[in-house]
Every structure is written in structure tokens, then in C-alpha cells.
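# Observations on the model geometry
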There are 2 protein chains.
Amino acid sequence: MAGEEVSNKQVIFKDYIVGFPKESDMELITSKIILKAPEDSNGILLKNLYLSCDPYMRSRMTKHDRPNYVESFLPGSPMTGYGIAKVLDSRHPNFKAGDLVWGVTGWEEYSLITSPELCFKIEHTDVPLSYYIGILGMLGMTAYVGLYEIGAAKKGDRVFVSAAFGGVGQLVGQLAKLSGCYVVGSAGSKEKVDLLKNKFGYDEAFNYKEEEDLDAALRRYFPEGIDIYFENVGGKMLEAVLSNMRPHGRIPVCGMISQYNLEQQEGVHNLFNLISKRIHIEGFIVFDYHHLYPKYLDMMLAHIREGTISYVEDVAQGLESAPSALVGIFSGRNVGKQLVVVARV
Amino acid sequence: MAGEEVSNKQVIFKDYIVGFPKESDMELITSKIILKAPEDSNGILLKNLYLSCDPYMRSRMTKHDRPNYVESFLPGSPMTGYGIAKVLDSRHPNFKAGDLVWGVTGWEEYSLITSPELCFKIEHTDVPLSYYIGILGMLGMTAYVGLYEIGAAKKGDRVFVSAAFGGVGQLVGQLAKLSGCYVVGSAGSKEKVDLLKNKFGYDEAFNYKEEEDLDAALRRYFPEGIDIYFENVGGKMLEAVLSNMRPHGRIPVCGMISQYNLEQQEGVHNLFNLISKRIHIEGFIVFDYHHLYPKYLDMMLAHIREGTISYVEDVAQGLESAPSALVGIFSGRNVGKQLVVVARV
């Protein structure tokens, strides 16, 4: 198969956007690709199997005036993101044909990766392969880094997680429970709230859409206040949380998904709480913590094999469904970690 | 003198307020006091010499629905705050008549302190006594803790200080310069801006009132961005700073004086920068760092004796002028650290 020229379906990013992304911001085309890594390169040629839809990708659809933490997509080129793939051909000493890898790849059937240093070889295949763009990849690491490296979670802490049913949120809550914390999550539907309590072991959960007064809701679940707020949404929720934090509370800031599609972000008006409660807020990006990955992987593989952690994926079938799957996460249509199957091994 | 009954002028806090404090929110009265610590107490009886006017006192003039980091003043009772005093009588083993102390005292000529554990005995009197409610007290410690404990300042860091001519700000800039940082300050008058550059050695300074676009001003002085923002003002300045922070920047939050007198605090709309730049923002209260005081005192005494640090005080004469002096700091009327002389030793 290597060396052959084949057709290659691709999801093209059309142009920079403002506001909510729409399926029509992306276009499915078919081009050609030779299934071979160029001889004078370090590249690898991949057959993509799974693609990840993640909130941070919204930022890549915007044209930024100043340098941004992730590069914007290039209009007219394929979308890119985390994926799982099989190596078809390799000019890089770390990889050979047949290897399974995860890392940044293109939204297309086949990708030529010219800097494969950013790919990880998958060594353990007794767990579902798709987990490597989720619980065993950067998503799981995000939960872990935020909760422990920034949040310094310890037994007895009162932890609140927003977007708790999202890919990251479901893991944060379960890790916090394993550490002996009291954990409450918010989500956007009754179904998700029920699953948070019944499947993921959250102590309490509520539907933020049904709460007229978020401040009152938080007071109800945290009469003594919040030690750690794992921030995924921003805006009004952050404001309500700040009023309910305990002294010396920690807020790892993982995302602000409620704000990504607004032309003007909501204002947060009660930052004085930072002082009066000595709150530590810190944004983080999981890319900065790659060195912790081997330790994390061992820990999480053990949890998965022992069944002490649950994990829910929302799987869209086929590259054609990728635009709709991505758009869906910004309205909370996904149930659990959103991914797309491009091909089976 | 001890044991005698004398008249005692006092500044009484009349009632909780909203908005800017006014002189008429306080009232000068004369009562009586016996210059003796009660025999069955641990108390000390003080003759007050200097009183400190500090921004955090605004918070004590508000009635709070929830527990606050400092207690509100009690309507009908004297104001309290940091002061320097001479012990006239003592029932506490750590103090004796004639000692000079600094700590929390009343806004009055004489005070009975029933919990003198919060008073520090002044051991070094070769420096101006008033320094112990400023550069050698909690104010100096505030600059030190924010810059080093939270800000982790090191050589080469680009440091921005707002309210840079205030009591804390003037010290932050000088300490940062001594550590080899590039330092820029903002203040509210041409006079202050000139002094920041010429007296305190700031690399640059600007008058925020003359800048239509704070974001552009910060870009001018920090073309490569800000590593540490020592936050004293909040609101629009914080918003402009967030757009100009460098990756892994630190924001010790000491105060938000621009917000204290607003009924609704200004919203900060660009908190997503916390994530994209991995910013660490942390509020702090100097009371939590008392254990560092002996080390700080030695360091700062050395600087003062060697003349490597300058310090400007704005001294109001007489207890009668205390309400006006306090009100003045919220409109930036003071030039340097505001204090009130009640009596000379």
C-alpha cells in the first residue's frame, strides 16, 4: 500500500470566524496523496483512525491580532488536532510502518507529518485505542495537571467542576473523589446531571440552565464554601464561584467555553474576592506538562484496568461528520468526550 | 501620669457607607480615659503617636453580608488601624511603661489594648519612628511579599506597578530595581510621575489620567510584554495589563483601589488571557506572612541605613486632620505614604 497514490478526503478550514462556529465554516473535499514519506525528510505518513474535537480548537478559528497560545488554522488548509493513527511509512528512526501513534494530525484520511517528534507511540493496546486522545492523552493530563499541579487537591477539599460532563470534567470529578474530596459538578441537562451522580460518583450535581441564581445554587451545595474550582466555563459562573470561594482557595483555569463564541467576553465584577480570600487563580496549558505524561499514563492505565475510573465517549462516525461533531461541543450537544472515527485499524 | 483620668480625643466611625468616604462619615469627640491597664487584664495602655491611613480601611467602612477578611468598624466606636505608640502602663509580661510599640491601635489620643499580642516592640530607634507604620511595618512587608513570595521577581523581569507612588508602590519599584528588573509605574499626576523616575529610580512612569488608551500605553513601555504586574488598582487597568502580559506572568493582587468606592465593580472582560498566557494571579494579605517579618526588618533596616531605598511620607498634623487624610487617599491627594501625627514622643 505504501507508495501508492490514493484519494484523500479532507476537512478544510474555510476562513476565520466570529461567533459560534457553523458546519459551513468547514468544507469536505477530496484530494490525492502518495502514501510515502519523502526520502529526504524525517516525516511519517499516517492513516488517521480517530480525531479529537476539543474546545481549544475554537481559538484556532479566530484571526488573532497578537500571538496566541495556539496557532490559528490556515484558511484553505485542512483542520488539525489530536488524533490516533497508524504509521504507513516512516523516515524517522523512532517510528516504523505498523506503529500506532497519537499526536497532532490532520482532519483527513491520510496525513504526512513532517515533525513527528510531537507524536507518541502507543505501547499499551489492551485498552481502547480511542482513549489515547482522551483519558490517556492530553485530555486526561489536563484534568490531572489542573487538579493536582495547580489545584493542589487533597483529602477533604470541597471541589466544584463546571462543564463537569465534558471530557475533562468527568475525569476531574472522579480523580477528586479518589483523593477523598467532596465534589459537585454543573452541567447543561438533566441526563448529564444524573450521570454525574450515578456514573461518575459526583456527590452532587446541578443543571446550570435551571438555576436562576448561580450564587444561590453554589451556596446550597457549598454552605462552607469552595476550596477548588476547576474552571471550564468562565463568565457568570466564575463570578458566582468567586463569591463562594473559601480563604486560600485555588482556581485552575482550564477553559472558558461559555465565552469563546461571544464577540465581547462577559465582565467579571467581583475580582476583589481574590484579595479578601487570598485566592490563587492560574491558567494552564497542558502542553507545558508533557514531562509528567509517563507518570500519568501509568497511573491512569492502572485505574482503567482496575475499573476505578469510568469514561464516556461520544463517537461520531466518519470524517464527514467531523464538522458537525466539532460545532456540537459549543452548544453542549455531546455527551462525554467528543471524537470522530475516520477508520478502524 | 499613669492612673490619672484625662480627656481623650477620638475619631468616631459614624455609620456604614456606600461610595466614596467623606470626612463627615467620621466625627471628632472628646471622652475620658484612665491611664491605667486594668489589674485583672493582660492589657496595655498606650499614648498614640502616629496613625496610618491605608486603602484597606475602606473595606472596613462597609457592612458586609458575608464574612470579610477584615472586620468592619463598629458604628459609634473609634476607628482603628495601624499605629505607633508609647506604653504608659502594662499588665502584659512582654511590655513595660516607656516601651515604643507598633500594631493595631485606636484613632484616639490614648488606647487601652486588651490583646497586645498583636503589638510589636520597636527595638531600633536610629530610624524615624513613623517608619514602623510604613516601610518598616506591614506596608513594606506588603511590597516585599507581593514582589517576591507571589511575584517570584528575579533579575531581568519586566515589572509594572500601578498606584506606583502610593506607600506600597514606591517600595515595590525600588525593590524590583535592586533585584535587577526593568520597572515602569503608573500614577495620577505629573509630579508623581517625575518623582517615580527621579527619586525612586523607576525606568519609566506615566500618568494614567492622560492616557486615553491604557492598552496602547502599556504596549509603548512593554513592547515585549509584562512579567510581573503588581496590582493595586483593578478595573480597566487590570484589563489592559492582561492583554499585555507575557507567558507565565505573575500578578500579585495587593489592592484594587479604583474599585473600592464603586457600587458595582467594573467588569474585567479578557480573563481568557489567564489560560492563553498561563498567568498566575493571586491575592494576598500581609497578615498571613507575619513569620517573614524579622527577616524583612533586618533587610530593610540595612537598606535604610545605607541609603539604598528612599521613602516619602505625607504627614497630616493632629488627630483632627485624620478624617481628611484618610478620605484623601481615595482621590490620590496624598503624595507618598499617608500618616497622621497625634503626638510626639
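Thresholds, definitions, all that
Each residue is numbered by its place in its chain's sequence as written, counting from 1. Chain letters start at A and ligand numbers start at 1, both assigned in the order the entries are written. In keeping with the predicted nature of the model, local features appear solely for residues at pLDDT of at least 70, side-chain atom pairs appear and are counted solely at 80 or more, and the whole-chain, interface and lining totals rest on all residues. Water and hydrogen atoms were dropped before computing side-chain values, which therefore reflect all heavy atoms in the structure. Contact criterion: two residues are considered in contact whenever any of their non-hydrogen atoms come within 4.5 Å of each other. Computed with a 1.4 Å rolling probe, the buried area is the accessible surface lost when two parts are put together, summed over both parts. Salt bridges are counted wherever a side-chain nitrogen of Lys or Arg sits within 4 Å of a carboxyl oxygen of Asp or Glu. Polar contact is defined as a pair of N or O atoms within 3.5 Å, subject to the rule that within protein one atom must be able to donate a hydrogen and the other to accept it, and that residues adjacent in sequence are counted only when both atoms are side-chain atoms. We superpose the copies by least squares over the C-alpha atoms of residues that have a pLDDT of at least 70 in both of them. UniProt positions are given in the numbering used here, feature names are shortened, and annotations may be inferred rather than shown by experiment. Strands here mean DSSP runs of E at least two residues long; helices mean DSSP runs of H or I at least four residues long; both are numbered from the N terminus. Source of the domain bounds: an automatic or database domain assignment. Under the grouping applied here, Gly and all other residues not named as nonpolar or charged are polar, the nonpolar ones being Ala, Val, Leu, Ile, Met, Phe, Trp, Tyr, Cys and Pro and the charged ones Asp, Glu, Lys and Arg.

## Describing the interface of chain B and chain A
Each partner contributes residues to the interface: chain B has 35 residues there, and chain A has 35 residues. Summing both sides of the interface, chain B and chain A together bury roughly 3,000 Å²; the carbon and sulfur share of this comes to 58%. Counting the surface chain B buries against chain A, the share from its top three residues, Arg66, Phe272 and Ile275 of chain B, is 22%. Joining chain B to chain A, the criterion identifies two salt bridges. With a closest N to O distance of 2.7 Å, Arg278 of chain B and Asp288 of chain A form a salt bridge. Applying the counting criterion to the chain B and chain A interface returns seven residue pairs in polar contact (both at pLDDT 80 or more).

## Considerations on the relation of the copies chain B and chain A
Take chain B, turn it by 180°, move it 0.0 Å along the axis, and it overlays chain A with an RMSD of 0.0 Å. Here the symmetry operator amounts to a two-fold rotation axis. Relative to the rotation axis, the C-alpha of Gly267 of chain B is the closest in chain B, positioned 2.0 Å from it. Comparing interface residues between copies, 100% of those in chain B also sit at the interface in chain A, which points to an isologous, same-surface contact.

## Observations regarding the UniProt feature "transmembrane region" (unreviewed entry) in chain A
The sites that UniProt annotates as "transmembrane region" (unreviewed entry) are residues 129–148 of chain A. Measuring from the first to the last C-alpha atom of residues 129–148 of chain A gives 26 Å, for a span that is 55% helix and 0% strand.

## Some details on the domain arrangement of chain A
Residues and elements named next belong to chain A. Split into domains, chain A comes out as domain 1 (5–134 + 311–341) and domain 2 (138–287). The straight-line distance from the C-alpha centre of domain 1 to that of domain 2 is 29 Å. Between domain 1 and domain 2, the contact holds 22 residues from the first and 18 residues from the second. Taking both sides of the interface into account, the surface hidden between domain 1 and domain 2 amounts to around 1,700 Å²; carbon and sulfur atoms contribute 67%. Here domain 1 is connected to domain 2 by zero salt bridges. In this assembly, domain 1 and domain 2 are joined by four residue pairs in polar contact (both at pLDDT 80 or more). Among the residues making up the side of domain 1 that touches domain 2, the classes are represented as 14 nonpolar, five polar and three charged.

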